[in-house]
Amino acid sequence: MSLRINDIAPDFTAETTQGTIRFHQWIGDSWAVLFSHPKDFTPVCTTELGAVANLEKQFAQRGAKVIGLSVDPVSNHSRWASDIQDVGGSPVTYPLIGDPELKVAKLYDMLAADAGDSSEGRTPAQNAPVRTVFVIGPDKRIKLTLAYPMSTGRNFDEIIRVLDSIQLTTRHRVSTPANWRQGDDVIISGAVSNEEADKIFPGYKTVKPYLRTVAQPQ
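Residues numbered from 1 in each chain as written. Predicted model: local features only at pLDDT ≥ 70, side-chain atom pairs only at ≥ 80, totals over all residues. Heavy atoms only, no water.

K.L.:
Break down the environment of glycine 68 for me, with residues and values.
P.N.:
Residue position: glycine 68 is located in strand β4 (residues 64-70). For the pair glycine 68 and phenylalanine 35, spaced 33 residues apart in sequence, the C-alpha separation works out to 5.0 Å. Among all residues touching glycine 68, those that are not within four sequence positions of it are Phe35, Tyr94, Pro95, Leu96 and Ile97. (Helix = DSSP H or I, 4+ residues; strand = E, 2+ residues; numbered from the N terminus. Contact = heavy atoms within 4.5 Å.)

K.L.:
Could you give an account of the pairing of strand β10 (residues 205-208), with specific residues and numbers?
P.N.:
Judged from the three bridges that link them, β10 and strand β11 (residues 211-214) form a sheet pairing that is antiparallel. Looking at β11, one finds that threonine 206 is bridged to arginine 212. Here β10 folds back onto β11 in antiparallel fashion, the turn holding two residues. (Pairing = 2+ DSSP bridges.)

K.L.:
Pulling in residues and values, what's your account of the packing of aromatic side chains?
P.N.:
A ring pair, where both rings are aromatic, is described by two values, the distance of the centres and the angle of the planes. Overall, the coordinates contain seven aromatic pairs when judged by the stated rule. Seen from their ring centres, phenylalanine 12 and tyrosine 108 are 6.0 Å apart, and the 85 degrees between their planes marks the pair as edge-to-face. Taken as a pair, phenylalanine 12 in the segment before β1 (13-16) and tyrosine 108 in the loop between α4 (103-107) and β6 (132-136) lie far apart in primary sequence, 96 residues in all. Taking relative accessible area as the criterion, tyrosine 108 reaches 2% and is therefore assigned buried. Judged by centre distance (6.1 Å) and plane angle (10 degrees), the rings of phenylalanine 23 and tryptophan 26 are stacked. Here phenylalanine 23 and its partner tryptophan 26 are both found in helix α1 (residues 23-27), three residues apart, which amounts to about one turn of the helix. You'll find phenylalanine 23 and tryptophan 26 in the same group, each marked buried. Here a set of aromatic residues connected by ring pairs shows up, and it is made of Phe12, Phe23, Trp26, Tyr108 and Phe134. (Phe/Tyr/Trp six-rings, centres within 6.5 Å; stacked < 30°, edge-to-face > 60°. Buried < 20%, exposed > 50% of the residue type's maximum accessible area, 1.4 Å probe, protein only.)

K.L.:
Mind laying out the packing of helix α2 (residues 43-61) against helix α5 (residues 156-171), listing which residues take part and the relevant values?
P.N.:
With their axes 10 Å apart at the nearest point, α2 and α5 run at an angle of 30 degrees to one another. Comparing their axes, α5 and α2 come out roughly parallel. When the axes of α2 and α5 are compared, the crossing they make is right-handed. Residues Glu48, Ala51, Val52, Leu55, Gln58 and Phe59 of α2 form the contact with α5, whose own contacting residues are Phe156, Asp157, Ile159, Ile160 and Leu163. (Axes fitted to C-alpha atoms, helices over the stretch in contact; angles between N-to-C directions. Parallel < 35°, antiparallel > 145°, perpendicular 65-115°, else oblique. Left-handed = near helix turned anticlockwise from the far one by under 90°.)

K.L.:
Explain the pattern of salt bridges to me, using residue names and the numbers behind them.
P.N.:
For the structure shown, the criterion picks out nine salt bridges. A salt bridge links arginine 131 to glutamate 48; its shortest N-O distance comes to 2.6 Å. With arginine 131 in the loop between α4 and β6 and glutamate 48 in helix α2, this pair connects stretches of sequence that are 83 residues apart. Like arginine 131, the residue glutamate 48 is buried in the burial classification. Between lysine 143 and aspartate 139 there is a salt bridge, with its nearest N and O atoms 2.9 Å apart. Of the residues examined, lysine 143 reaches a relative accessible area of 21% and is grouped as partly exposed. The partly exposed category is assigned to aspartate 139, whose relative accessible area is 39%. (Salt bridge = Lys/Arg side-chain N within 4 Å of Asp/Glu carboxyl O.)

So, in structure tokens, the structure goes:
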């Protein structure tokens, strides 16, 4: 099953380092960031999990929960957490999903249906597609997907930037331009007429007839 933006994120029950969760129930009314890993005790992933541990408060300030997944048992995750703290400097206080039967990886189209049913004996290279990020809204719909190669560490500052944009454009009838950051000007939605824009966004700037910008609304 190929997953696209605005699809309902598949629900599942899984064991994590913080006990059994039902994914949709765990999300609740929050936003969620699910990021996956091909195997425990891999170097790039160790730095990534540490980076998220350092940024967890920033995600929480945005009403977002973070959760990792690796296609290894939870018992391995618990041992890996010590290395992650040593490398990153912060304890891993968010849950890590164990996926030793590859069920979640297949459900989220990270591995093919015929990939087998056990992580035992599989190498990181065989699990290379399990390097995906999903941002999921409180409505349980997928808002963002990103897939990275194993050799490239993920930029979680960028994921926070995208989360800021998604949340802003959910609240207001605007879009964000290339390389936008908090506080920069935004683009007025094409669905807003000039007459409406005069009322909603007084003082906006017309760059092109189809491109109107305004200060970021609060």
